[in-house]
Amino acid sequence: VMDIRHPLRTMTLLLNRVALMDEWLMAAPATSIMERLIDARTGEAPALLDSPPHRVLAETIGHGLVGGAFLTPDWILETWNLYGDRPVERLDRYTSGPDPWGRLSPYAVGLMGYRVQGEAEELVIALYYRDPKGASQDSAELEKRWRTFHQDLTTSGPVETLITRHCSPMSTSVIEQADFSVLVGACPVIRE
């Protein structure tokens, strides 16, 4: 069920294929992706849980994860401006000016999701680094990016707002292991 008045509602438009299998509800943005999900669920193809980075991120976000999407840096670069206009102006806002965004350390995969813990609803972001120090190096940068990110609320025109109006404050935590690290950012959803 989606609240059509909720400011993060446009994120659900990308999940327009749905399948029910056993006790699972699966959603995907394309038929080919849904077919791969079904194949993984039936054991005909490897699942993301067979991938150590994906498994670590899912386990790190933990109990209460309602839904989420795994994202790679390459995918983000390819799709960051599929909707809307003014791509250069939108990017310049973050790369220039008095307080530009810094560079993130190379991460392998990320997970962006929605978690419910008790009465709290949170947006969560987790990044998996093959470098054991990568997560700690990026903690402050992730918080900065969250504070300054403008969300495009429509695809029919330039209606933007700071994401912190809908989910704030972002807090981060770092998990360091001998051969990887994970950066987790979580912020409570603000109901208007």
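Note that this is a predicted model, so its numbers are computed, not measured.

### Digging into the sheet that holds strand S9 (residues 181-188)
With antiparallel pairing, five strands are arranged side by side in an open sheet as S3-S4-S5-S9-S8. The two strands at the open ends of the sheet, each matched to only one other strand, are strand S3 (65-71) and strand S8 (171-176). Neighbour-to-neighbour, the strand axes of this sheet turn through a mean angle of 20°, independent of strand direction. Inspection of the sheet shows S8 paired to S9 by six bridges, in the antiparallel sense. Across the sheet, Ser173 pairs through a bridge with Val184, a residue of S9. The sheet contacts of helix H2 (residues 52-61) involve S3, strand S4 (109-117), strand S5 (120-129), S8 and S9, and relative to S4 the element is tilted by about 25°.

### Brief notes about the environment of Phe70
In this structure, Phe70 sits in strand S3. Of the residues examined, Phe70 reaches a relative accessible area of 30% and is grouped as partly exposed. Note: C-alpha distance between Phe70 and Met112 (42 residues apart in sequence) is 6.5 Å. Filtering out sequence-adjacent residues up to four positions away, Phe70 remains in contact with Leu48, His54, Leu57, Val109, Gly110 and Leu111.

### Remarks on the state of the cysteines
Simply put, the disulfide is a covalent bond whose two ends are the sulfur atoms of two cysteines. Scanning the entire structure with this criterion turns up one disulfide. The residue that forms a disulfide with Cys167 is Cys187, at a sulfur-sulfur distance of 2.0 Å. What sets the handedness of the Cys167 and Cys187 disulfide is the S-S torsion sign, and at about 110° it is right-handed. In this pair, Cys167 is assigned in the loop between strand S7 (160-162) and S8 and Cys187 in strand S9, connecting sequence segments 20 residues apart. One exposure class covers both Cys167 and Cys187, and it is buried.

### Some words on unusual backbone geometry
With an omega of -5°, the peptide bond running from Ser168 to Pro169 counts as cis. Its location among the elements puts Pro169 in the loop between S7 and S8. Despite not being glycine, Asp22 has its phi angle at roughly 55°, a positive value. Looking at the secondary structure, you find Asp22 in the loop between strand S1 (17-21) and strand S2 (24-28).

About the criteria used
By convention here, each chain's residues receive numbers from 1 onward along its written sequence. Local features in this predicted model are restricted to residues whose pLDDT is 70 or higher, and side-chain atom pairs enter the listing and the counts only when it is 80 or higher, whereas totals over whole chains, interfaces and linings include all residues. Hydrogens and waters are ignored; side-chain quantities use all the structure's heavy atoms. Each pair of strands is called paired provided DSSP finds at least two bridges between the two strands. Each helix is a run of DSSP H or I of at least 4 residues and each strand a run of E of at least 2, with the numbering of both proceeding from the N terminus. Lines fitted to C-alpha atoms define the axes here, with helix axes fitted over just the stretch in contact, and angles between the N-to-C directions of these axes take values from 0 to 180 degrees. Contact between two residues is taken to exist if any of their heavy atoms lie within 4.5 Å; hydrogens are not considered. Residue burial is assigned from relative accessible area. The probe radius is 1.4 Å, only protein chains are included, and a residue is buried under 20% of its type maximum, exposed over 50%, and partly exposed in between. By convention in this document, the label disulfide applies to cysteine sulfur atom pairs within 2.5 Å.

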